[in-house]
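# Residue-level structure breakdown
Read off the chains here:
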Amino acid sequence: FRRLFLCALLVGLCAGLVTSVAQRWLTVPLIAAAEVYESALVPEPEVPAAHEHAAGMAAHSHEHEHDATAWEPEGDLERGVWTLVANVLGATGFALLLVPMLAWWDRQRGGASASLKTGVLWGVAGWLSLFVWPALGLHPELPGEVAAGLYARQAWWLLAVGSAAGGLALLALATGKLRWLGVPLLVLPFVVGAPLPEGSAFANFSADAAVKMQALQSQFLIATAVTSALQWLVIGAVSAWAVARWLRPLLAEPSDGGLPRGLVRHGV
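My aim in this report is to walk through the structure given alongside it, one point at a time. As the structure is a prediction and not an experimental result, all values here were calculated from the model.

The end-to-end C-alpha distance of helix α6 (residues 150-173), which contains 24 residues, comes to 34 Å, matching closely the 34 Å that a straight helix rising 1.5 Å per residue would cover. All of the buried residues along α6 are Arg153, Trp156, Ala160, Val161, Ser163, Ala164 and Gly167. Elements that come into contact with the buried residues of α6 comprise α5 (116-137) and α7 (182-192).

Right, here's the structure in full:
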C-alpha cells in the first residue's frame, strides 16, 4: 500500500504541474476576463415588498452577506499556489483509482500490459468519462453564469461519469453480446437529460456583455478540454510507467526459487 500511495503521489505531482501550467496560459486569462464582466452585472430588478416575499428576501440578503465575507485568494501568486495544490491533490486522487486498476490489468495479462501505450489509452478513457461525457450535458461554467440547482447538477454528473465508465468498460473489456450493453449505458444520461437553467445563462448581464461572455464560454470550453486532456494523458502515462517500474515486481507470482517472475524475466 505504501508503494501504491507513493506511485499515486508521483503521478499527482507530475499531472498537477502540467495541468497548472496549461491552466495558467489557457483558462486563467478567460476566467479573469469573465470576472471583469461579472463585477459589472446588471442590477437585479426590485422585488415588491410584499409580505409573502419577506422570508425569501431575507435569505437572499443573508446569502449575499455570506458571499461578501467568503475567503478568496489574494493576488495571482496566492491563487496560483492554491490552484497547484488543488490540481496535485485532484490528480493524486485520480491516480489512486487508476494505478490499482492498471496494476490489476497488468497482472491479469501476465505482467506485460502496463506500457506507455496502455497508459495513454487508459488516460483517454478517464478523460472521456470524467470530462467529455459530463461536459456534453453540463459545460464548464464561467464566473457569473446562471446554472441549475447544485444537487441536481451533481446527481447528473455522477450519472454521466458512472455511465461513461461502465459503458466504455463493457465495450472495451467484455465479450460477446454483453459488450453491446455499453451502448445504452453511454446514452442513458442524455435520455434522462441534464438539468439546465431556465432562460439564458447570461441573463444577468447587459446585452453587449452577454455576447462577449458567450464568446468567452466557447473559448473556455475548448481550453478546459485541452487542459483536462493533458492532465489525463500525463496521469495515464506516468501511472503505467510507475506500475511497470515499482508495482509489477511486487505483484508477480513467485517462481524459480521464490524470486518474482518480473525479476527473473529481467535476468536477476
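Next up on the list: the packing of helix α1 (residues 2-26) against helix α8 (residues 207-251). It is the contact of α1 with α8, at a shortest axis distance of 9 Å, that shows an interaxial angle of 160°. As far as their axial angle goes, α8 and α1 are roughly antiparallel. Judged by the twist between their axes, the crossing of α1 over α8 is right-handed. The residue inventory of the contact of α1 with α8, partitioned by class, reads 20 nonpolar, five polar and one charged.

Residues Val18, Val21, Trp25, Leu26, Ile222, Val226 and Leu230 make up a contiguous nonpolar surface patch of about 650 Å² in total accessible area. Of all elements in the fold, only α1 and α8 reach the threshold of two or more residues within the nonpolar patch. Considering each element in turn, the nonpolar patch owes the most residues, four residues, to α1. Topologically, Val21 is positioned in helix α1.

Our focus in this paragraph is the side chain of Gln217. Turning to its location among the elements, Gln217 is positioned in helix α8. Given a relative accessible area of 13%, Gln217 falls into the buried group.

Scoring rules and cut-offs
- Residues numbered from 1 in each chain as written.
- Predicted model: local features only at pLDDT ≥ 70, side-chain atom pairs only at ≥ 80, totals over all residues.
- Heavy atoms only, no water.
- Helix = DSSP H or I, 4+ residues; strand = E, 2+ residues; numbered from the N terminus.
- Expected span 1.5 Å × (residues − 1).
- Buried < 20%, exposed > 50% of the residue type's maximum accessible area, 1.4 Å probe, protein only.
- Contact = heavy atoms within 4.5 Å.
- Axes fitted to C-alpha atoms, helices over the stretch in contact; angles between N-to-C directions.
- Parallel < 35°, antiparallel > 145°, perpendicular 65-115°, else oblique.
- Left-handed = near helix turned anticlockwise from the far one by under 90°.
- Nonpolar A, V, L, I, M, F, W, Y, C, P; charged D, E, K, R; others polar.
- Patch = residues over 30% accessible without salt bridge, like charges linked within 9 Å, V, L, I, M, F, W, Y side chains within 5 Å.
- Areas by Shrake-Rupley, 256 points an atom, 1.4 Å probe, with all protein chains shown as cover.
- Salt bridge = Lys/Arg side-chain N within 4 Å of Asp/Glu carboxyl O.

The values are spatial; any link to function lies outside them.
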